[in-house]
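Breakdown of the fold
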Amino acid sequence: MISESDCIALDEQDPLADEAVKYYLPDGMLYFAGHSLGALPVAAQKRVASIIRDEWGEQLVGGWNGAGWYSSPARVGAKIAQLIGADADEVTVTDSTSVNLFKTIIAAMGLNTQRKVCLTDREIFPTDFYIMQGIEELLGERFLLKAVQRDRIPEEIGDDTGLLVLSHVDYRTGDVFDMRSITRRVHQAGGLVLWDLCHSAGILDISLNQVKADFALGCGYKFLNGGPGAPSFVYVAKRHQEHISQPLWGWMGHANPFAFDETYESAPGIRRMLCGTPSIIAMGCFEAALDELLAVSIQAIQDKSRKLTRLFIELMKERCADFGFTLISSQNDAIRGSQISYTHEQGYAIMQALIANNVIGDFRAPDCVRFGVSPLYLSYMDIWRAVDTLRIIMETEAWQKFQGQKKETVT
Ligand SMILES: Cc1ncc(COP(=O)(O)O)c(C=O)c1O
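Residues numbered from 1 in each chain as written. Predicted model: local features only at pLDDT ≥ 70, side-chain atom pairs only at ≥ 80, totals over all residues. Heavy atoms only, no water.

1. Some thoughts on the overall build of the chain
Regarding its fold elements, the chain presents 13 helices and 15 strands. Relative to the 2.2 N^0.38 estimate, which gives 22 Å for 411 residues, the radius of gyration of the chain is 22 Å and therefore close to what a compact globule would have. Dimensions along the principal axes, computed over C-alpha positions, put the chain at roughly 70 × 55 × 40 Å. Residues counted as buried form 55% of the 411 residues belonging to the chain. Contacts in the chain between residues far apart in sequence, at least 24 positions, make up 71% of those at least 6 positions apart. By element, 51% of the accessible surface of the chain is carried by carbon and sulfur atoms, the whole surface being about 17900 Å². Averaged over its 38 positive side-chain charges, the chain has a centre that lies 2 Å from the centre of its 52 negative ones. (Helix = DSSP H or I, 4+ residues; strand = E, 2+ residues; numbered from the N terminus. Rg over C-alpha atoms; globule rule 2.2 N^0.38 Å. Buried < 20%, exposed > 50% of the residue type's maximum accessible area, 1.4 Å probe, protein only. Contact = heavy atoms within 4.5 Å. Areas by Shrake-Rupley, 256 points an atom, 1.4 Å probe, with all protein chains shown as cover. Lys, Arg positive; Asp, Glu negative; His and termini not counted. Charge placed at Lys NZ, Arg CZ, Asp CG, Glu CD.)

Structure (C-alpha cells):
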C-alpha cells in the first residue's frame with residue numbers, strides 16, 4: 001500500500017520540485033487540466049505587461065524591427081524545435097492548429113499528386129477530422145479521405161497512401177502512437193506522415209528528426225503553457241521545405257513581403273508556412289512560457305510525468321477500486337501520455353463534484369473524466385490529495401448533487 005509519507009518522500013527527492021513556484025495557481029487548487037490549458041507562468045504575465053507597456057506603448061510601429069516582432073515566428077519556432085527534436089529552421093509559429101492542419105495537409109498531398117489517399121484514425125480529434133473532410137469537399141476526387149479504426153492503420157498503409165495524419169497522443173485515452181515504427185512503415189510504402197503533437201509537445205521527449213518525421217504541428221496552450229488560444233507551431237522537415245506549396249498565400253509567407261509584388265512567390269524554407277501578421281502579445285506570452293520550459297530538461301519532465309501518472313493509477317486501484325471507474329489509459333509507461341482517463345457513467349457529475357472541491361480535471365462526452373498531469377506544477381502529494389478527494393466524493397456520494405445538471409458549454 002502506498003502511504004501519504006511515501007508521497008512526501010517522493011516530493012523530497014523530486015528534482016523538479018522547485019519549478020512550481022514559477023507558475024501561478026490559485027491557493028488550494030489542484031490543477032489537473034494542463035492537457036487542456038496549461039497554468040500561467042509568472043514570467044509570461046510579466047512579459048505580456050512589458051510588451052504592452054514598453055514595446056507597443058513606447059515603440060509603437062517601430063516594435064516590428066526594434067523589438068523583434070517581425071522575426072518572432074522564427075525565433076519562437078526555434079525554441080519549440082529544441083523540445084521536439086527538430087532543427088531551428090524547421091519550425092515556425094503561426095495561426096491555429098486547425099488552420100495549420102489545412103495548410104500542411106494540402107502542402108503534403110501536393111508532394112505526390114499520384115497518391116490521393118489521406119489515411120487517418122477514425123477517432124482522431126474532431127478538428128483534424130473536420131479539416132480533412134473540408135479538404136475532401138474542396139478538392140473532390142483529388143483527395144480521398146480514408147478514416148479507419150485505429151488498430152487497422154498499419155494494415156491500411158499501402159501504395160496509394162499519400163499521407164497519414166495521426167495524433168501522437170490520443171486526446172481521450174492519452175495513449176501514445178509509436179512515432180518511429182509508424183513513420184518507418186509509411187515511408188516504406190512511399191507515403192508521408194503528419195503528426196499532431198497537441199498532447200505531446202512539452203511533455204514527451206520527441207525526436208522528429210531521428211524518426212525522420214515529415215510534418216508535425218501542435219498547439220501552444222496545453223503542456224507548452226502558452227496561454228488560452230496561444231498560436232500553433234508547424235514543423236516541416238528540411239528535405240520537403242523547398243518542394244511544398246501551402247494554400248494560404250498570405251504576405252508573411254511571401255519571399256519578400258515588403259516588396260509588395262503583384263504575384264505570390266513562396267518564401268524560402270519554413271517561412272512559407274506563414275500567412276498573415278502574427279499576434280505579438282500572444283507570441284510574447286508563449287515565448288516566455290517556452291523559456292521556462294527550456295530551463296528544464298524534457299527528459300526530466302517526461303520521467304516525472306510517468307512517475308506521477310503511475311502513482312495516480314496505483315492510488316486509484318488502492319483507494320477507489322470499488323466505485324465503478326474503468327481505466328482507459330495504458331498502464332504501460334511507454335505508451336501513456338501525461339493524462340489519465342477513466343470512464344464512469346456518472347463522469348460529468350463526478351467531475352463537477354471534484355471541481356467544486358478544487359480538483360480541476362475535465363470531462364469528454366459521453367462518459368470520460370480526464371486528469372492531465374503537468375510535472376512542472378504538480379507534486380506527488382498533489383496526486384495523493386486529488387485521489388483522496390475523489391475517494392471522499394465517491395464514499396459520501398457528494399457527486400449526486402450534480403447529477404442531471406445542465407452541462408456547461410466547455411466541459
Ligand atoms: C489533438 C488536437 N488537435 C487539435 C486541437 C485544437 O486545435 P485548435 O487549437 O485549432 O482549436 C486539439 C484541442 O484540444 C487537440 O486536442
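2. So, the packing of aromatic side chains
Here the structure, examined in full by the defined rule, presents 15 aromatic pairs. Between Trp 64 and Trp 69, the ring centres sit 5.4 Å apart and the planes meet at 90 degrees, which makes this aromatic pair edge-to-face. Judged by relative accessible area, Trp 64 falls into the partly exposed class, the value being 26%. Residues Tyr 348 and Phe 363 carry aromatic rings whose centres are separated by 5.3 Å and whose planes lie at 75 degrees to one another, so their mutual orientation is edge-to-face. Of the two residues, Tyr 348 is situated in helix α12 (residues 347–356) and Phe 363 in strand β14 (residues 362–364); the sequence distance between them amounts to 15 residues. Taken as a pair, Tyr 348 and Phe 363 share a single burial class, namely buried. Connected via pairs of aromatic rings, a cluster forms that spans Phe 32, Phe 312, Phe 325, Tyr 342 and Phe 371. Just above the ring of Tyr 348 sits the side chain of Lys 407; from NZ or CZ to the centre is 5.2 Å. (Phe/Tyr/Trp six-rings, centres within 6.5 Å; stacked < 30°, edge-to-face > 60°. Lys NZ or Arg CZ within 6 Å of the ring centre and 35° of its normal.)

3. Things to note about the pairing of strand β5 (residues 117–121)
Burial of β5 is extensive: 5 of the 5 residues sit out of reach of the surface. Where burial is concerned, the two faces of β5 agree: the one with Val 117, Leu 119 and Asp 121 and the one with Cys 118 and Thr 120 are both buried. Bridge count between β5 and strand β6 (residues 144–148): 5 bridges; the pairing is parallel. Counted as the bridge partner of Val 117 is Leu 144 from β6. In the classification by handedness, the crossover that spans β5, the intervening helix α6 (residues 126–139) and the parallel β6 is right-handed. Relative to strand β7 (residues 161–167), β5 is paired through 4 bridges, and the arrangement is parallel. (Pairing = 2+ DSSP bridges. Right-handed = clockwise from strand over helix to strand, strands pointing away.)

4. Concerning the sheet that holds strand β8 (residues 192–196)
Two pairing modes exist for strands in a sheet, parallel and antiparallel, and in both the strands are linked by backbone hydrogen bonds. Pairing within the open sheet is mixed, and its 7 strands lie in the order β4-β10-β9-β8-β7-β5-β6. The open sheet terminates on both sides in strands that have one partner only, identified here as β4 (91–93) and β6. Neighbour to neighbour, the strand axes of the sheet diverge by 20 degrees on average, direction disregarded. Sitting on the sheet, α6 is in contact with β5, β6, β7 and β8, with an inclination near 150 degrees to β6. (Axes fitted to C-alpha atoms, helices over the stretch in contact; angles between N-to-C directions.)

5. Section: the pattern of salt bridges
Counted under the stated rule, the structure contains 27 salt bridges. Arg 152 serves as the salt-bridge partner of Glu 155, at 3.6 Å between the closest nitrogen and oxygen. Ionic pairing is found between Arg 272 and Glu 242, a salt bridge with its closest N-O pair at 3.1 Å. Placement of Arg 272 in the loop between α9 (238–241) and α10 (280–294) and of Glu 242 in the loop between α9 and α10 is noted, with a sequence separation of 30 residues between them. Owing to a relative accessible area of 47%, Glu 242 belongs among the partly exposed residues under this scheme. Sharing partners across several salt bridges, the network here consists of Arg 75, Lys 79, Glu 287 and Asp 291. (Salt bridge = Lys/Arg side-chain N within 4 Å of Asp/Glu carboxyl O.)

6. Concerning the site of the ligand
Around the ligand, the neighbouring residues are Ser 96, Thr 97, Ser 98, Phe 125, Thr 127, Asp 128, Ser 167, Asp 196, Cys 198, His 199, Tyr 221 and Lys 222. A distance of 2.7 Å is found between a nitrogen atom of the ligand and a side-chain nitrogen or oxygen belonging to Asp 196. Against a free-state accessible area of 400 Å², the protein chains account for coverage of 84% of the ligand. With respect to the pocket detection grid, the ligand is positioned in the largest pocket. Counting residues per element, the ones that place at least two in the shell around the ligand are α5 (97–109) and α6. Of the residues that constitute the shell around the ligand, the class distribution is 3 nonpolar, 6 polar and 3 charged. (Near = heavy atom within 4 Å. Polar contact = N/O pair within 3.5 Å; in protein donor to acceptor, adjacent residues only side chain to side chain. 1 Å grid on protein atoms, 1.4 Å probe; cavity = no way out; pocket = protein on both sides within 12 Å on 5 of 7 lines; lining within 4 Å. Sits in = over half its atoms within 2 Å of the grid points. Nonpolar A, V, L, I, M, F, W, Y, C, P; charged D, E, K, R; others polar.)

7. Points about helix α11 (residues 298–319)
Count 3.6 residues to each turn of an α-helix, and residues three or four apart come out pointing the same way. Between its terminal C-alpha atoms α11 stretches 31 Å, which fits the 32 Å expected from 22 residues at 1.5 Å a residue. Within α11, the full set of buried residues consists of Ile 298, Ile 301, Gln 302, Lys 304, Ser 305, Leu 308, Thr 309, Leu 311, Phe 312, Ile 313, Leu 315 and Met 316. (Expected span 1.5 Å × (residues − 1).)

8. As for the pairing of strand β10 (residues 233–236)
In β10, alternate side chains face the same way, and those of Phe 233 and Tyr 235 on one face and Val 234 and Val 236 on the other are all buried. Across 3 bridges, the pairing between β4 and β10 is antiparallel. Its bridge partner lying in β10, Thr 92 is registered against Val 234. Judged from the 4 bridges that link them, strand β9 (residues 215–218) and β10 form a sheet pairing that is antiparallel. Its bridge partner being in β10, Leu 217 is matched across the sheet by Val 234.

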